[in-house]
Amino acid sequence: MKFDKIHNKGQAQLFKNQYLEYLTKTHPLVIWGMYIPVILCLLYFSAAHAALSGVQITLAFFSGMFFWTLFEYIMHRFVFHMIASSDRARKIVYVLHGNHHEYPRDKERLFMPPVPSIILASIIFTAMYFVAGLWGASHYIYSFFPGFMLGYLIYGTMHYAIHAWNPPYKWMKPLWRNHHLHHYKNEEQGFGVSTTLWDRVFKTMFDLSKEKEDKEKVKELMFK
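Parameters and conventions
- Residues numbered from 1 in each chain as written.
- Predicted model: local features only at pLDDT ≥ 70, side-chain atom pairs only at ≥ 80, totals over all residues.
- Heavy atoms only, no water.
- Axes fitted to C-alpha atoms, helices over the stretch in contact; angles between N-to-C directions.
- Helix = DSSP H or I, 4+ residues; strand = E, 2+ residues; numbered from the N terminus.
- Parallel < 35°, antiparallel > 145°, perpendicular 65-115°, else oblique.
- Left-handed = near helix turned anticlockwise from the far one by under 90°.
- Contact = heavy atoms within 4.5 Å.
- Buried < 20%, exposed > 50% of the residue type's maximum accessible area, 1.4 Å probe, protein only.
- Phe/Tyr/Trp six-rings, centres within 6.5 Å; stacked < 30°, edge-to-face > 60°.

Trainee: Could you clarify how one ought to interpret the packing of helix 2 (residues 28-48) against helix 6 (residues 141-164) in this entry?
Mentor: When two helices pack together, their arrangement is given by the angle between the helix axes and by the axis-to-axis distance. Taken N-terminus to C-terminus, the directions of helix 2 and helix 6 make an angle of 160 degrees; their axes are 8 Å apart at the nearest point. Considered as vectors, helix 2 and helix 6 are oriented roughly antiparallel to each other. Pair helix 2 / helix 6 crosses with left-handed handedness. Touching Pro 28, Ile 31, Trp 32, Tyr 35, Ile 36, Ile 39, Leu 42, Leu 43, Phe 45 and Ser 46 of helix 2 are Tyr 142, Ser 143, Phe 145, Pro 146, Met 149, Leu 150, Tyr 152, Leu 153, Ile 154, Thr 157 and Tyr 160, all from helix 6.

Trainee: Which parts of the structure should I look at to understand the packing of helix 2 against helix 5 (residues 114-133)?
Mentor: Viewed as axis vectors pointing N to C, helix 2 and helix 5 meet at an angle of 35 degrees, and their least axial separation amounts to 11 Å. As helix 2 runs across helix 5, the sense of the crossing is right-handed. Here helix 2 contributes Val 30, Ile 31, Met 34 and Tyr 35 to the contact with helix 5, which in turn contributes Pro 114, Ser 117, Ile 118 and Ala 121.

Trainee: Help me out: how do you make sense of unusual backbone geometry in this one?
Mentor: For residues that are not glycine, phi is negative in most cases, and the peptide bond is trans in most cases. In this structure, Ala 51 is a non-glycine residue whose phi angle is positive, near 55 degrees. Within the secondary structure layout, Ala 51 lies in the loop between helix 2 and helix 3 (54-79). In this model, Lys 203 sits at a positive phi of 60 degrees, which is unusual for a non-glycine residue. Here Lys 203 lies in the loop between helix 8 (197-201) and helix 9 (215-220). For Lys 203, a relative accessible area of 72% translates into the label exposed.

Trainee: Looking at this model, I keep getting lost on the packing of aromatic side chains. Mind explaining?
Mentor: The geometry of an aromatic ring pair comes down to the distance between the two centres and the angle between the two planes. Applying the stated rule across the entire model yields 24 aromatic pairs. Each ring, one from Phe 61 and one from Phe 62, has its centre 5.5 Å from the other, and the planes form 90 degrees; the classification is edge-to-face. Residue classification places Phe 61 among the buried residues on the basis of a relative accessible area of 12%. With a centroid separation of 5.8 Å and 45 degrees between ring planes, the pair formed by Phe 67 and Phe 144 is classed as tilted. Within this pair, whereas Phe 67 is found in helix 3, its partner Phe 144 is found in helix 6, the two being separated by 77 residues in sequence. Under the relative-accessibility criterion, Phe 144 is labelled buried at 17%.

Following this line, the structure appears as structure tokens:
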């Protein structure tokens, strides 16, 4: 995705239809409000109906959170940044992720909006349930999927925070810088948002020791 200019103000128009356009925007609290009840209900179902022990629920839940980090990396690198060879494919990539690279500070598109989010979450849950069922372990998905979804909520919140705020703790600064460099220097590196783990594993991490930081420029990128 190459753009003549990255716009730090404004937002892209994705659809001519005003109602479709409205459905491409959201606020983080809306998504948290949607999924926290789902997470709690599935965890309750794990204990009350799937007959999982506390240890099994905990292990499956945190496994789901960890799996999210790999899923996030793969999706960002190979789906959101796939090379499109046709006008239609380029339009799809732009709607999915390209608009975010052209308008990285569009606060209303830092989380996936509700309708596509629910559709995708339903597909992923079904796929997980089916695959786990091949090994007779489908009942674990009721704990695994909530962990996966909490991983997604943390990812979305971190993504919002990286574009909106300075890192609240010193140890978070590499994560902030890795993602900003992904946007403003080289989109072929720095795919991790909630963690730099997989960037380090797959050698796509920026060498931050060699990257000079323009503190004044960083201040300009913070939301007022």
